[in-house]
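Structure at a glance
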Amino acid sequence: MMKAILTLNSGSSSLKVSLFPVAGETPLATGLVDGIGPKASIRLRDHEGAAIPASGDMSSHAAAIRTVLAGFGSHWPDMTLAAVGHRVVHGGADRATHALVDAGLLEELATLSPFAPLHQPHNLEGIRAAMEAFPGVPQVACFDTAFHRSHPWVNDTFALPREFYEQGVRRYGFHGLSYEYIASTIASQAPHLAAGRVVVAHLGNGASMCGMQGGRSIASTMGFSALDGLPMGTRCGQLDPGVVLYLMDQRGMSAREISDLLYKQSGLFGLSGLSNDMRTLEGAGTREAAEAIDYFVFRCQREIGAMAAALGGIDALIFCGGIGENSRMIRARICERLAWMGIEIDHTANTANARVISSDLARTSVMVIPTNEERVIALATRALAGLIDKEAA
Ligand code: ADP
């Protein structure tokens, strides 16, 4: 009998899934359900990219999860589900580790929804749906904020009156599952950097940076929400709060309209007037697309400097995320003006998307490490659901 772990990343109308063997670290399959509701689509693939047929009710998250598992079940008839691991955006101020789900935890996490209204309710809906679809199967919540709870106070607070900090208005930081993966990969594959000062640039549709020392997060460009720091596909990144006041007071915009503007209409999309997708901008050839890229590159350079300042120096710069892992041009442009930090890339290695792209003589290592958030969820789920001991027994 094959025992498996399902990992789930639940959005408002989508579900990203992976299936891991209990005893392994490479997924057996991945998949996506899009447009949950009457017109949902599903795509499941095995580890070689071959399609796994699946169809059925996907009118709700619970129905979609059952349909996903039925698809995997008909492909691997001897498969049983040992546990489900969930990506949860917010774990609050005190949770520095992932956790087994029970009714108390679900209640606690629901109180955090006002801090991440666009993600947390959907993540929790995914957990409730999986509990309903697979009663009795352990569920584990893995938090994007957990990795950053090691921030020193100066990187955890804003300069607001203290009661706001006590009430949860803090710099939580996000993309923690990705940074946790990178930290563990550094520890195993680049141990000479494990104790060092490492700036990790997670550049995808969502983008942030993390300053790590000794494998722990010291600073992050994302703060209270996933809006701060770098410009992203459709999010603005760092913004003077005076702009928000102006939009409210002088332009009469509502909180909802401003939220839509900052989360969905800004960033690369807003600046280029064309697309949130870096590949499209690289090929566009318009002045606006070029300027959107210029701004993205400039803010990346600025934030690498800020992260290095928070760390008191830099031993390595690591790129990950869809842009960081694939765009030679963006990596080369970001590094171009960072010679003052000992950063110098080897253009042949960069063009080849090699793992180490710094030149041999450079003082600071520059690496490309494909991130793997699902693997972090699978391993945490295996450990917290107690599956390692059972397997060994
Ligand atoms: P998400 O944050 O949604 O997980 P990804 O990490 O998949 O996003 O990153 C998506 C971004 O990566 C898009 O802007 C996409 O254009 C960019 N990207 C992917 N492949 C390339 C490539 N070969 N060149 C440039 N950009 C790329």
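Residues numbered from 1 in each chain as written. Predicted model: local features only at pLDDT ≥ 70, side-chain atom pairs only at ≥ 80, totals over all residues. Heavy atoms only, no water.

**Topic: the overall build of the protein**
What counts, and what does not: Counting from the N terminus, the helices are the DSSP runs of H or I reaching at least four residues and the strands are the DSSP runs of E reaching at least two. This radius of gyration counts C-alpha atoms alone. The globule rule is 2.2 Å times how many residues there are, raised to the power 0.38. Think of it in three bands: residues with accessible area under 20% of the maximum for their type are buried, residues over 50% are exposed, and the middle band is partly exposed, with areas taken using a 1.4 Å probe on protein chains only. Residues are treated as being in contact if the distance between any of their heavy atoms lies within 4.5 Å. Per-residue and other accessible areas follow the Shrake-Rupley method at a 1.4 Å probe size, with only the shown protein chains counted as cover for residues. Charged residues are defined narrowly, with Lys and Arg counted positive, Asp and Glu counted negative, and His plus the chain ends left uncounted. By convention, charge coordinates are those of NZ in Lys, CZ in Arg, CG in Asp, or CD in Glu.
The number of helices and strands found in the protein is 15 helices and 13 strands. In terms of overall size, the protein behaves like a compact globule, its C-alpha atoms giving a radius of gyration of 21 Å where 393 residues would be expected to give roughly 21 Å. Counting only C-alpha atoms, the protein reaches 55 × 55 × 45 Å along its principal axes. Residues counted as buried form 53% of the 393 residues belonging to the protein. Contacts in the protein between residues far apart in sequence, at least 24 positions, make up 62% of those at least 6 positions apart. For the protein, the exposed area adds up to about 17,500 Å²; of that, 54% sits on carbon and sulfur atoms. Here the protein holds 32 positive side-chain charges and 38 negative ones, and the gap between their average locations is 1 Å.

**A short note on the sheet that holds strand S5 (residues 51-52)**
Note: strands within a sheet are paired through backbone hydrogen bonds, in either parallel or antiparallel orientation. What counts is decided by this rule: Each pair of strands is called paired provided DSSP finds at least two bridges between the two strands. An axis is simply a line fitted to the C-alpha atoms; with a helix, the fit covers only the stretch in contact. Between two such axes, the angle follows the N-to-C directions and lies from 0 to 180 degrees.
If you walk across this open sheet you meet the eight strands as S5-S4-S3-S2-S1-S6-S8-S7, and the pairing is mixed. Strands with a single pairing partner mark the edges of an open sheet, and in this sheet they are S5 and strand S7 (99-100). In the packing of helix H14 (residues 373-384) onto the sheet, the strands contacted are strand S1 (2-10), strand S2 (15-21), strand S6 (79-88), S7 and strand S8 (139-143), and the crossing angle to S6 comes to about 115 degrees.

**Observations concerning the site of the ligand**
Counted only if it meets this: Neighbouring residues are identified by heavy atoms, a residue being near a molecule or strand if any of them is within 4 Å of it. Between N or O atoms, a polar contact is any pair within 3.5 Å; within protein, one atom must be a potential hydrogen donor and the other a potential acceptor, and residues adjacent in sequence are included only when both atoms are from side chains. Under the scheme applied here, ten amino acids are nonpolar (Ala, Val, Leu, Ile, Met, Phe, Trp, Tyr, Cys and Pro), four are charged (Asp, Glu, Lys and Arg), and all others, including Gly, are polar.
Taken together, 13 residues surround the ligand, and among them Asn 205, Asp 277, Met 278, Arg 279 and Gly 322 come closest. One of the backbone N or O atoms of Ile 323 is found 3.3 Å from an oxygen atom in the ligand. A distance of 3.4 Å separates a nitrogen atom of the ligand from a polar side-chain atom of Asn 326. When grouped by side-chain class, the residues that make up the shell around the ligand number two nonpolar, eight polar and three charged.

**Some remarks on the packing of helix H6 (residues 241-249) against helix H7 (residues 255-264)**
Threshold: Each angle receives one of four descriptions, namely roughly parallel if under 35 degrees, roughly antiparallel if over 145, roughly perpendicular if within 65 to 115, and oblique otherwise. Handedness of a helix crossing follows the sense of rotation of the near helix relative to the far helix, less than a right angle counterclockwise being left-handed and clockwise being right-handed.
Where H6 contacts H7, the two axes come as close as 10 Å, and the packing angle between them is 140 degrees. Taken together, the axes of H6 and H7 lie oblique to each other. With respect to the hand of their crossing, H6 and H7 are arranged in right-handed fashion. Residues Val 244, Leu 247 and Met 248 of H6 touch H7, and the partners they reach there are Ile 258, Leu 261 and Leu 262. A breakdown of the residues in the contact of H6 with H7 according to their chemical character gives six nonpolar, no polar and no charged.

**Section: the domain arrangement of the protein**
Operational definition: Either an automatic procedure or a domain database provided the assignment from which the domain bounds are taken.
Parsing the protein into structural domains produces domain 1 (2-143) and domain 2 (190-373). Placing a centre on the C-alpha atoms of domain 1 and another on those of domain 2 gives a separation of 28 Å.

**Observations regarding the pattern of salt bridges**
This is how it is decided: Note on definitions: salt bridges are taken to be side-chain nitrogens of Lys or Arg within 4 Å of carboxyl oxygens of Asp or Glu.
Under the defined criterion, the tally for this structure stands at 14 salt bridges. For the salt bridge of Arg 170 with Asp 156, the shortest nitrogen-to-oxygen distance reads 3.8 Å. Remark: Asp 156 occurs in the loop between S8 and helix H4 (162-166) and Arg 170 occurs in the loop between H4 and helix H5 (176-189); sequence separation between them is 14 residues. Since its relative accessible area comes to 12%, Arg 170 is described here as buried. What emerges from the salt-bridge pattern is a single network uniting Arg 87, Asp 144 and Glu 373.

**What to know about helix H3 (residues 120-133)**
Put simply, the rule reads: Expected span of a helix: the number of residues minus one, times 1.5 Å.
The terminal C-alpha atoms of H3 lie 20 Å apart, and with 14 residues this matches the ideal 20 Å at 1.5 Å per residue to within 8%. Every buried residue belonging to H3 is among Gln 120, His 122, Asn 123, Leu 124, Gly 126, Ile 127, Ala 129, Ala 130 and Ala 133, and all of these are buried. Against S1, helix H1 (61-75), S6, helix H2 (103-110) and S8 lie the buried residues of H3.

**Description of the packing of helix H10 (residues 287-311) against helix H12 (residues 328-336)**
Each pair of packed helices can be summarised by the angle the axes make with each other and by the distance between the axes. Here H10 crosses H12 at 50 degrees, and the two axes come no closer than 9 Å. Judged by the angle between their axes, H10 and H12 are oblique. Handedness of the H10/H12 crossing: right-handed. On the side of H10, the interface is formed by Ile 293, Asp 294, Phe 296, Val 297, Cys 300, Gln 301 and Ile 304, while H12 contributes Met 329, Ile 330, Arg 333 and Ile 334. Here the contact of H10 with H12 is composed, by residue class, of eight nonpolar, one polar and two charged.

**Description of the environment of Trp 340**
In this fold, Trp 340 is placed in the loop between H12 and helix H13 (347-351). Among the residues examined, Trp 340 registers a relative accessible area of 60% and is labelled exposed. If near-sequence neighbours (up to four positions away) are discounted, Trp 340 is found in contact with Gly 305 and Arg 363. Among the polar contacts made by the side chain of Trp 340, one reaches the main-chain carbonyl oxygen of Arg 337 at a distance of 3.3 Å.

**Overview of the pairing of strand S3 (residues 29-34)**
Here S3 shows one buried face, formed by Ala 29, Gly 31 and Val 33, and one open face, formed by Thr 30, Leu 32 and Asp 34. Relative to S3, S2 is paired through five bridges, and the arrangement is antiparallel. Along S3, the bridge assignment pairs Ser 18 with Thr 30. Where S3 meets strand S4 (residues 41-46), six bridges bridge the pair, whose relative direction is antiparallel. The partner of Asp 34 across the bridge, within S4, is Ser 41.

**Overview of the sheet that holds strand S11 (residues 216-220)**
Sheet architecture is open: five strands sit in the order S11-S10-S9-S12-S13, paired in mixed fashion. Only two strands of the sheet have a single neighbouring strand rather than two, namely S11 and strand S13 (365-368). Pairwise comparison of adjacent strand axes, ignoring direction, gives a mean angle of 25 degrees for this sheet. Relative to strand S12 (residues 316-320), strand S9 (residues 197-203) runs parallel, the two sharing five bridges.

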